[in-house]
Amino acid sequence: MHARPFSFEPIDVRHAAELYDALLDERLYRFIPEKPPRSLASLEAVFNEFSTGAPVGSGEVWLNWVIREPSSQSCVGMLQATSFANGELWVGYKVIPAWWGRGVATSGLTWLLGELALLFPGRSVFASVDTRNLASMRVLEKCGCTLLRQEPAALHGERTEDHIYCLPRVQSHAVS
């Protein structure tokens, strides 16, 4: 099976209207510490913040994209990378439920790791995933990430555990 040729666009306020209804789906938030957007205006504010980047002087770099399926032109997910002031580089992704199981997360993360190899050569990339999110753990492993450690976490008021994954020294040829 060949990967679908998704395209990636820097996130912008206009994407909020395209994704709003899909982001109301409660299934998206089962394993992440977010909640559905309160309104289209609140989602637009978040996307505006994402598109303008990290606060000046924070030492952080925020990078955010939407994933678009070219044949339908539908926004099917989002990608996120944050370079923190301490030098750590973390990634995240969110795929709308109608597109689960279609290779969107794997294609998106593969693309993102390639971009990060160009922007932050030689840096390790980290991702955190709730230990109950088996699909996301498979995506990370398919993209070459390895389990680094397990740590206690809290999610929506309950105790849980996270797996911390790492792709050491991201290189453009490391991800196929």
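Structure: see above.
As the structure is a prediction and not an experimental result, all values here were calculated from the model.

Undergrad: Mind showing me how you'd approach the packing of helix α3 (residues 104-119) against helix α4 (residues 134-142) here?
TA: Two packed helices can be described by the angle between their axes and the distance between those axes. Running from N to C, α3 and α4 cross one another at 40°; their axes reach a closest spacing of 9 Å. Considered as vectors, α3 and α4 are oriented oblique to each other. When the axes of α3 and α4 are compared, the crossing they make is right-handed. Residues Ala105, Thr106 and Leu109 of α3 lie in contact with α4, whose contacting residues are Val139, Leu140 and Lys142. Looking at the contact of α3 with α4 residue by residue, the classes come out as four nonpolar, one polar and one charged.

Undergrad: I keep staring at α3 and nothing clicks. Help me out?
TA: Along an α-helix, a turn takes 3.6 residues, which lines up residues three or four apart on a common side. End to end, α3 covers 22 Å across 16 residues, agreeing with the expected 22 Å (1.5 Å per residue, within 8%). For α3, the complete set of buried residues consists of Val104, Ala105, Thr106, Ser107, Gly108, Leu109, Leu112, Leu113, Leu116 and Ala117.

Undergrad: Where do I start with the pairing of strand β6 (residues 146-155) in this structure?
TA: Each regular strand shows side chains that alternate between the opposite faces of the sheet. As paired strands, β6 and strand β7 (residues 158-167) are joined by nine bridges and run antiparallel to one another. Note on β7: the bridge partner recorded for Ala153 is Thr160. The turn linking β6 back onto β7 is made up of two residues, and His156 within it adopts a positive phi angle of 55°.

Undergrad: Is there a simple way to think about the pattern of salt bridges in this case?
TA: Pairs can form between side chains of opposite charge whenever their charged atoms are close. Evaluation of the coordinates by the stated rule reveals nine salt bridges. A salt bridge links Glu9 to Arg14; its shortest N-O distance comes to 3.6 Å. Assessed through its relative accessible area of 17%, Glu9 is described here as buried. Close ionic contact of Glu18 with Arg68 constitutes a salt bridge, the shortest N to O distance being 2.9 Å. Note that Glu18 is positioned in helix α1 (residues 14-19) and Arg68 in strand β2 (residues 61-69), a separation of 50 residues in sequence.

Undergrad: How should the pairing of β2 be read in this particular structure?
TA: With seven of nine residues buried, β2 is to be regarded as a mostly interior element. In terms of strand pairing, strand β1 (residues 7-10) meets β2 through four bridges, oriented antiparallel. When the bridges of β2 are listed, Glu9 appears paired with Val66. Taking the residues that link successive antiparallel strands as the turn, the β2-strand β3 (residues 74-83) hairpin has four residues, and the phi of Gln73 there is positive, at about 65°.

Undergrad: What's the story with the packing of aromatic side chains in this structure? I'm lost.
TA: Two descriptors summarise a pair of aromatic rings, namely the distance from one centre to the other and the angle between the planes of the rings. Scanning all chains against the criterion turns up five aromatic pairs. A ring pair is formed by Phe47 and Phe50, whose centres lie 6.4 Å apart and whose planes are at 25°; its orientation type is stacked. Within this pair, Phe47 and its partner Phe50 are both found in helix α2 (residues 40-52), separated by three residues, close to a single helical turn. Geometry around Trp100 places Arg27 over its ring, the cationic atom sitting 5.6 Å from the centre. The lysine or arginine in question, Arg102, covers the ring of Trp99, its NZ or CZ lying 4.3 Å from the ring centre.

Undergrad: Explanation requested: the state of the cysteines in the structure shown.
TA: Simply put, disulfide is the name for a covalent bond between the sulfur atoms of two cysteines. Applying the stated rule across the entire model yields zero disulfides. The thiol sulfur of Cys166 is not disulfide-bonded, and the nearest other cysteine sulfur, from Cys145, lies at 7.5 Å.

Undergrad: Looking at this structure, how should I read the sheet that holds β6?
TA: Across a sheet, strands are paired by hydrogen bonds formed along the backbone, either parallel or antiparallel in direction. The strand order β1-β2-β3-β4-β5-β7-β6 describes an open sheet built from seven strands, whose pairing is mixed. Single-partner strands in this sheet number two, and they are β1 and β6. Strand after strand, the sheet turns through a mean of 30° between neighbouring axes, direction not considered. Where strand β5 (residues 125-130) and β7 come together, six bridges link them in antiparallel fashion. Following the sheet pairing, Phe126 is matched in β7 by Cys166. Sitting on the sheet, α4 touches β4 (89-95), β5 and β7, and the angle it makes with β5 is about 160°.

Parameters and conventions
- Counting from 1, residues in each chain are numbered in the order their sequence is written.
- Only residues with pLDDT of at least 70 are given local features in this predicted model, and only at 80 or more are side-chain atom pairs given and counted; all residues enter the totals for whole chains, interfaces and linings.
- By convention in this description, side-chain values take in all heavy atoms of the structure and omit both hydrogens and water.
- Axis angles are defined between N-to-C directions and span 0 to 180 degrees, where every axis is a line fitted to C-alpha atoms and, for a helix, only to the segment in contact.
- In this text, helices come from DSSP runs of H or I with a minimum length of four residues, and strands from runs of E with a minimum of two, each type numbered from the N-terminal end.
- Reported orientations rely on four angle classes, namely roughly parallel under 35 degrees, roughly antiparallel over 145, roughly perpendicular from 65 to 115, and oblique for the rest.
- The hand of a helix crossing depends on one turn: near helix anticlockwise from the far one by less than a right angle means left-handed, and clockwise means right-handed.
- Residue contacts are counted whenever heavy atoms from the two residues lie within 4.5 Å of one another.
- In this classification, the charged set is Asp, Glu, Lys and Arg, the nonpolar set is Ala, Val, Leu, Ile, Met, Phe, Trp, Tyr, Cys and Pro, and all remaining amino acids, among them Gly, are polar.
- To estimate the expected span of a helix, subtract one from its residue number and multiply by 1.5 Å.
- For every residue, the accessible area (1.4 Å probe, protein chains only) is compared with the maximum for its type, and the residue is labelled buried under 20%, exposed over 50%, or partly exposed between those bounds.
- Note: two strands are recorded as paired if DSSP finds a minimum of 2 bridges between them.
- Within this document, salt bridges are pairs made up of a side-chain nitrogen of Lys or Arg and a carboxyl oxygen of Asp or Glu, the two lying within 4 Å of each other.
- For Phe, Tyr and Trp, rings pair up if their centres lie within 6.5 Å, where Trp contributes its six-membered ring, and each pair is then called stacked (planes under 30 degrees apart), edge-to-face (over 60) or tilted (otherwise).
- Our definition puts a charge over a ring when NZ of Lys or CZ of Arg is within 6 Å of the ring centre and also within 35 degrees of the ring normal.
- By definition, disulfides here are pairs of cysteine sulfur atoms that lie within 2.5 Å.

That's the geometry; what it means functionally is another story.
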